[in-house]
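Observations on the model geometry
Each chain is listed here by its residues.
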Amino acid sequence: MFGKVLIANRGEIALRVHRACQEMGIRTVAVHSTADATAMHVRLADESVCIGPPAARDSYLNVAAILSAATITGADAVHPGYGFLSENARFAEMVEAHGLKFIGPSPDHIRMMGDKIAAKDAMRRLDVPLVPGSPGALESLDEARAVADQIKYPVLIKAAAGGGGRGMKVARSADELEEAWRVARAEAKAAFGDDSVYMEKYLDRPRHIELQVLADTHGKVVHFGERDCSLQRRHQKLVEEAGSPVLSAADREALGSRVTSALSKLGYRNAGTLEFLWQDGQFAFIEMNTRLQVEHPVTEMVCGIDLVKEQIRIAAGEPLGYTQKDIQFRGHAIECRITAEDPETFAPSPGRVNTYHAPGGLGVRVDSALYSGYTVPPHYDSLVAKLVVHAPNRAEAIARMRRALSEMVVAGIRTTLPLHQAVMEDAEFQSGDYTIHWLERFVADRQG
Ligand code: MV4
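No experiment lies behind these values; they were computed from the predicted model shown.

**Focus on unusual backbone geometry**
- In this chain, Tyr153 is followed by Pro154 through a cis amide linkage whose omega measures -5°.
- Among the structural elements, Pro154 can be located in the loop between helix H7 (141–151) and strand S6 (155–159).
- Looking along the chain, the bond that leaves Ala242 and enters Gly243 is cis, with omega of -10°.
- For His235, which is not glycine, the phi torsion reads 65° and is therefore positive.
- Positionally, His235 belongs in the loop between strand S10 (221–233) and strand S11 (236–242).
- According to the relative accessible area criterion, His235 is partly exposed, its value standing at 49%.
- Of note, the phi angle at Phe346 is positive, near 65°, even though the residue is not glycine.
- Checked against the element boundaries, Phe346 lands in the loop between strand S14 (332–339) and strand S15 (351–352).
- Accessibility expressed as a relative area gives 13% for Phe346, which makes it buried.

**Looking at the sheet that holds S11**
- Spatially, the 8 strands line up as an open sheet ordered S13-S12-S9-S10-S11-S14-S19-S17, and their pairing is antiparallel. Each edge of the open sheet is held by one strand with a lone partner, namely strand S13 (282–289) and strand S17 (364–368). Each neighbouring strand pair of the sheet contributes to a mean axis angle of 25°, computed without reference to strand direction.
- One ladder, built from 8 bridges, connects S14 with strand S19 (residues 383–391); its direction is antiparallel. Across the sheet, Arg337 pairs through a bridge with Lys386, a residue of S19.
- Against the sheet, helix H9 (residues 249–266) contacts strand S9 (207–215), S10, strand S12 (270–279) and S13, and its axis sits at roughly 115° relative to S10.
- Against the sheet, helix H13 (residues 417–425) contacts S10, S11 and S14, and its axis sits at roughly 150° relative to S14.

**Section: empty space enclosed by the protein**
- Following the criterion strictly, the structure yields 2 cavities of 30 Å³ or more and no others.
- Quantified by volume, the largest cavity comes out at close to 40 Å³.
- Surrounding the largest cavity, His79, Pro80, Gly81, Ser86, Phe102, Ile103, Gly104, Pro105, Thr290, Arg291, Leu292 and Gln311 form its lining.
- Taken together, the residues of the lining of the largest cavity sort by class into 5 nonpolar, 6 polar and 1 charged.
- Inspection of the lining of the largest cavity shows a minimum of three residues originating in each of domain 1 (4–103) and domain 3 (207–447).
- The space that makes up the second largest cavity amounts to roughly 40 Å³.

**Considering the site of the ligand**
- Not every one of the 18 residues close to the ligand is listed here, only the nearest: Lys158, Glu200, Lys201, Leu203 and Glu287.
- One nitrogen or oxygen atom from the side chain of Lys158 is found 3.0 Å from a nitrogen atom belonging to the ligand.
- A total of 520 Å² of accessible area belongs to the ligand in isolation, and the protein chains cover 92% of it.
- A per-class count over the shell around the ligand returns 8 nonpolar, 5 polar and 5 charged.
- The residues that make up the shell around the ligand include at least three from each of domain 2 (132–201) and domain 3 (207–447).

**Here we look at the sheet that holds strand S7 (residues 168–171)**
- What the 3 strands build is an open sheet, ordered S7-S6-S8; its pairing is antiparallel. The open sheet has two free edges, formed respectively by S7 and strand S8 (197–201), since each of these has just one partner strand. For this sheet, the mean angle separating the axes of adjacent strands, direction not counted, is 25°.
- As paired elements, S6 and S8 share 5 bridges and run antiparallel to each other. If you follow Ala159 over to S8, its bridge partner there is Val197.
- Against the sheet, helix H6 (residues 116–125) makes contact with S6 and S8, and its axis sits at roughly 50° relative to S8, the strand it touches most.

**Things to note about the UniProt feature "domain: Biotin carboxylation" (unreviewed entry) in the protein chain**
- Per the UniProt record, the feature "domain: Biotin carboxylation" (unreviewed entry) sits at residues 1–444.
- The straight-line gap between the two end C-alpha atoms of residues 1–444 is 51 Å; of that span, 34% is helix and 26% is strand.

**Looking at the environment of Asp216**
- Topologically, Asp216 is positioned in the loop between S9 and S10.
- Among residues more than four places away in sequence, those in contact with Asp216 are Tyr268, Arg269, Ile314, Glu318, Pro319 and Leu320.
- Of the polar contacts made by the side chain of Asp216, one reaches the backbone nitrogen of Lys220; its length is 2.9 Å.

**Concerning the UniProt feature "domain: ATP-grasp" (unreviewed entry) in the protein chain**
- Per the UniProt record, "domain: ATP-grasp" (unreviewed entry) is found at residues 120–316.
- The span residues 120–316 shows a helical share of 35% and a strand share of 31%, and its end C-alpha atoms are spaced 30 Å apart.

Rules of the game
- Residues numbered from 1 in each chain as written.
- Predicted model: local features only at pLDDT ≥ 70, side-chain atom pairs only at ≥ 80, totals over all residues.
- Heavy atoms only, no water.
- Helix = DSSP H or I, 4+ residues; strand = E, 2+ residues; numbered from the N terminus.
- Buried < 20%, exposed > 50% of the residue type's maximum accessible area, 1.4 Å probe, protein only.
- Pairing = 2+ DSSP bridges.
- Axes fitted to C-alpha atoms, helices over the stretch in contact; angles between N-to-C directions.
- Contact = heavy atoms within 4.5 Å.
- 1 Å grid on protein atoms, 1.4 Å probe; cavity = no way out; pocket = protein on both sides within 12 Å on 5 of 7 lines; lining within 4 Å.
- Points joined across faces, edges and corners; volume = space filled by probe spheres on them.
- Nonpolar A, V, L, I, M, F, W, Y, C, P; charged D, E, K, R; others polar.
- Domains from an automatic or database assignment.
- Near = heavy atom within 4 Å.
- Polar contact = N/O pair within 3.5 Å; in protein donor to acceptor, adjacent residues only side chain to side chain.
- Areas by Shrake-Rupley, 256 points an atom, 1.4 Å probe, with all protein chains shown as cover.
- UniProt positions renumbered as here; feature names shortened; annotations may be inferred.

What follows is the structure, given as structure tokens:
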């Protein structure tokens, strides 16, 4: 096992990784920008290294500085967290070239899944269900017309290098296709420096359901069930649940066995999440994320497993200590992402947190790097706390979340706490009957 791990991240996820290391007897190295000198992840780590000025490109994305920090502190491995360098194949390669272990998938798998066309190609060959669409990249507007005529409108043009909704355009009929084609390509070029695009049938009211997997280096792959992440606004998730309110145990098992068999053939290793759209009882793969995700705690709560410890053990070459049938799904978990934003306009609200009080009690977990007197810097993601609850069923989990939200205090800045309370009180949310478009409308209605 590793003696020392460098955590190439900040905020709550840096703490999350530190906690797993601490319990495993592994020392930790924090890296931080000058804006984060007093941050909680720096305070808790065994050692810390300042890697640059506030702007992420000069610090948390500064590969040379991070590798130097790992070398001078004698770290054995690097955990990238999520965001920043976590899905950068080049970074994973350089970590390994410096004689360190990258706690994540192989650079080749990161690269493959970063190319959405290559990812779909792989899943198609491995019999994972997909949204109908173009067989690969669209080479011309004529080809786009031909594919659209075949799969029928509405269609969606997506960037191969995309994800997160950038470079994505809907064409509802043939006369909208040329415009969608041009705009999607231009946006893809501007955002990613790559104008490759592909086409899919547009699903108009799907749910976003993702499956968590782990693969060891001995050919074993297991899944930990699904998370329903349909509650999002402008591609920012707000609430996640495990399991999905619409999935039966049989559906979960069917999807899980398809996916684990596919990833086993692919030789995948470490943690991964496959994203699906679910509509009319059908699953369609859209993308795969090759990192630990923000919302991983809801899976941990229902499965009773520490995904970060598992990632570390896998990277150290240990085999998974259990099989699929040992993984049980107990109860229901919900996560609320509390951000430093105005709960109505979503304007960023960094600044000093005069008072911070975390809720507690049975089935309540708070992953946060906040403390009373901490100043939320303006340079990074606005996530300040993940409030996670676990209960025997969904109704009790919602009741528990309402109770926990009412106890939580983050004073001095604006946060999305009031929005979360309103969502939890809403009858439609409580019914579980919502799609990826539900929150957009809910927020608009609140704004009046
Ligand atoms: C789609 C779709 C409808 N049909 N693909 C958005 C981001 C990217 N990860 C995939 N996205 C979508 N792909 C087809 N064929 C609708 C979306 C989408 C979406 C997906 C998941 C979560 C939130 C979303 C919000 C808007 C659109």
